[in-house]
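Examining the three-dimensional arrangement
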Amino acid sequence: MPLQINNWLKIKQFLLPQDCELCGVALKANSDLGTCEPCLADLPWHQQSCCPQCALPSFNGAVCGDCLQSSPDFDSTIALFSYSFPADRMIQKLKYQSSLQLGELFGKLLARRYFNSPKLLIIPMPLHPQRLNERGFNQSLEIAKVLAKITGYPLDYTSCQRTKFSPPQASLPLKDRIKNMKNAFACNTDLSGQHVLLLDDVMTTGASLNELAKTCKKAGALSVSCAVIARTLPHN
């Protein structure tokens, strides 16, 4: 009987111990994160008091002025890290060097935050087919697969599509990002009654996530929350 993938990975990890992704030290045989504990502790965790809706810093964790003045279409945001060294380099390595083991790490870390939450429908940020063909994979989907497997949450990566091919958000001035995302997504499924969790790698202005959240709510979603690996903060 063939070995299940999980069993094979455990055997491979025992026989071929890994080195820490960040410092290169040999990891213990039972380590499953790919980083040593000191490096993990030193990552720029997003732990400061922040707005529960957009995850930007706010006094005493209150909803920030921007969200009060112009409420986004998503209801809440959780970020693992601030977008600073070395988390920024790790995300870039995942996206542009196909380091999929980092997607597994990010998924496992997110699962720690969501494991005991009410069940959510996970929708990873979709890539336009042309962009997907260029990159070969969707980094948000790779992270979402791990999160779904650990938590048991349903994963839906087909209902929402990016229908508009446009320049990457990172290449645009901040003021142009909302315009760039306008009418960028479509949803072909009735999401009535669903509590949706949108998953993306980085949140800067939130324009992409906001437009996708708007699309999901038009499709009937009761609530839409966001989970991101890193949040760009004002000082970044």
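None of the values given here were measured: they were computed from a predicted structure.

**Examining the overall build of the protein**
Counting its secondary structure elements, the protein contains 9 helices and 6 strands. Taking the intrachain contacts of the protein between residues at least 6 apart in sequence as the baseline, contacts between residues at least 24 apart amount to 68%.

**Points about the packing of helix 4 (residues 87-97) against helix 5 (residues 100-114)**
For the pair helix 4 and helix 5, the least separation of the axes is 8 Å and the interaxial angle reads 125°. Overall, the two elements helix 4 and helix 5 adopt an arrangement that is oblique. Between helix 4 and helix 5 the crossing geometry is left-handed. Contact with helix 4, carried on its side by M90, I91, K93 and L94, involves L100, L102, G103, L105 and F106 of helix 5 and no other residues of that element. Considered class by class, the residues forming the contact of helix 4 with helix 5 number 7 nonpolar, 1 polar and 1 charged.

**Some remarks on the pattern of salt bridges**
With the rule as written, the count across this model stands at 8 salt bridges. Among the salt bridges present, the one from K217 reaches D75, with a minimum N-O distance of 3.1 Å. Of the two residues, K217 sits in helix 9 (residues 207-218) while D75 sits in the loop between helix 3 (65-69) and strand 1 (76-82), which places them 142 residues apart along the sequence. A relative accessible area of 38% places D75 in the partly exposed class. Where K95 meets D201, a salt bridge forms, and the shortest distance between an N and an O atom there is 3.2 Å. Of this pair, K95 sits in helix 4 while D201 sits in strand 5 (residues 195-203), placing them 106 residues apart in sequence. The burial state of K95 is the same as that of D201; both residues are buried.

**Things to note about the packing of aromatic side chains**
Tallied over the entire structure, the rule returns 2 aromatic pairs. Here W45 and F81 contribute two aromatic rings whose centre-to-centre distance is 4.7 Å and whose plane-to-plane angle is 50°, an arrangement assigned as tilted. In this pair, W45 sits in the loop between helix 2 (37-42) and helix 3 while F81 sits in strand 1, placing the two residues 36 residues apart along the sequence. Aromatic side chains F81 and F106 sit 6.4 Å apart centroid to centroid with 65° between the ring planes, which places their arrangement in the edge-to-face category. Of this pair, F81 sits in strand 1 while F106 is found in helix 5, placing the two residues 25 residues apart along the sequence. With respect to burial, F81 and F106 carry one shared label: buried. An aromatic cluster is built from W45, F81 and F106, whose rings are joined through pairwise contacts.

Rules used throughout
- Residues numbered from 1 in each chain as written.
- Predicted model: local features only at pLDDT ≥ 70, side-chain atom pairs only at ≥ 80, totals over all residues.
- Heavy atoms only, no water.
- Helix = DSSP H or I, 4+ residues; strand = E, 2+ residues; numbered from the N terminus.
- Contact = heavy atoms within 4.5 Å.
- Axes fitted to C-alpha atoms, helices over the stretch in contact; angles between N-to-C directions.
- Parallel < 35°, antiparallel > 145°, perpendicular 65-115°, else oblique.
- Left-handed = near helix turned anticlockwise from the far one by under 90°.
- Nonpolar A, V, L, I, M, F, W, Y, C, P; charged D, E, K, R; others polar.
- Salt bridge = Lys/Arg side-chain N within 4 Å of Asp/Glu carboxyl O.
- Buried < 20%, exposed > 50% of the residue type's maximum accessible area, 1.4 Å probe, protein only.
- Phe/Tyr/Trp six-rings, centres within 6.5 Å; stacked < 30°, edge-to-face > 60°.

Read these as layout, nothing more, since geometry by itself doesn't imply function.
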